[in-house]
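# Notes for the structure review
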Amino acid sequence: AVAGCRLGRDRFLIVLLSESGMRIGEALGMRRGDVHLLPDSSSLGCHVRGAHVHVEPRPDNVNGARCKAGRPRVVPVARPVIEAYREYLLERDEVPAAALVDYLLVNVSGPAAGRPLTYSNAQQLVERAAARAGFHAHPHLFRHSAATRWLRAGVPIDVVQALLGHANAASTAVYLHATDEDKRAAVDRVEAAR
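To continue, consider helix 5 (residues 139–152). Taking 1.5 Å of rise per residue, 14 residues should cover 20 Å, and helix 5 covers 21 Å from first to last C-alpha, within 8% of that figure. In this structure, the buried residues of helix 5 make contact with helix 1 (8–20), helix 2 (24–28), strand 3 (73–76), helix 4 (119–133) and helix 6 (157–164). In the segment just after helix 5, G154 is the residue with positive phi, at about 90 degrees.

Following this line, the structure appears as structure tokens:
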């Protein structure tokens, strides 16, 4: 879907969702101060090491965004998020109305320039970007992709659970998507152990 993005903001949103596994409501409720992309954020009053973002539940988001789990968490992020964020900031800095807004994700053109993105905005931009790239997508797809990628890379399920902000492992199990190759490899491992 990133290939179908025309704006840096759109690329940033899709990269953030796909790399962090965040829910769309969590991303839409973020403020600029929730993004800590330095190796050491102690100058910001934060003692979490490495690049990361803070997911903070806020009941008063003007765009209606909400944090489903209702509890804060920290999500580490990697270079793709940092690079996409830098690109988005250059674009955002060209929008005078955005300077007065603390929301991280804002409209960067038109009569709504500077206003926080809404669920509808995000849904539409993801659908348009995916269509231009030749497939169908919705924001939650990126959460599934992140979880599946982590699990296939051997990340323990309890760590994936923490990254996704799930209260229990049963919620995380929904993100396990076994392929035919996964099933074949499991049967072959058991056969080889006999």
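So, next bit.
To continue, consider the nonpolar core. The nonpolar side chains of a soluble globular protein tend to be buried, and buried together. By size, the foremost hydrophobic cluster in this structure holds 42 residues, and its most contacted members are F12, L13, L16, M22, V53 and L105. Elements with a contribution of two residues or more to this core: helix 1, helix 2, strand 2 (52–55), helix 3 (79–92) and helix 4. It is helix 1 that contributes the most residues to this core, 6 residues altogether. Ignoring anything within four residues of it in the chain, the contact list for V53 reads L16, M22, M30, D34, V35, R73, V74, V75 and V77. Formed by 7 residues, the second largest nonpolar core is a distinct cluster that contains A146, L151, L163 and L164.

With that settled, the discussion passes to the state of the cysteines. All told, the structure shown has 0 disulfides when counted by the stated rule. As a non-bridged cysteine, C46 has C67 as the owner of its nearest cysteine sulfur, 17 Å distant. Classification of C46 by relative accessible area gives buried; the value is 8%. A residue is classified by how much of its surface remains accessible, and C67, at 10% relative accessible area, is buried.

Calculation criteria
- Residues numbered from 1 in each chain as written.
- Predicted model: local features only at pLDDT ≥ 70, side-chain atom pairs only at ≥ 80, totals over all residues.
- Heavy atoms only, no water.
- Helix = DSSP H or I, 4+ residues; strand = E, 2+ residues; numbered from the N terminus.
- Expected span 1.5 Å × (residues − 1).
- Contact = heavy atoms within 4.5 Å.
- Core = buried A, V, L, I, M, F, W, Y, C linked by side-chain atoms within 4.5 Å.
- Buried < 20%, exposed > 50% of the residue type's maximum accessible area, 1.4 Å probe, protein only.
- Disulfide = S-S within 2.5 Å.

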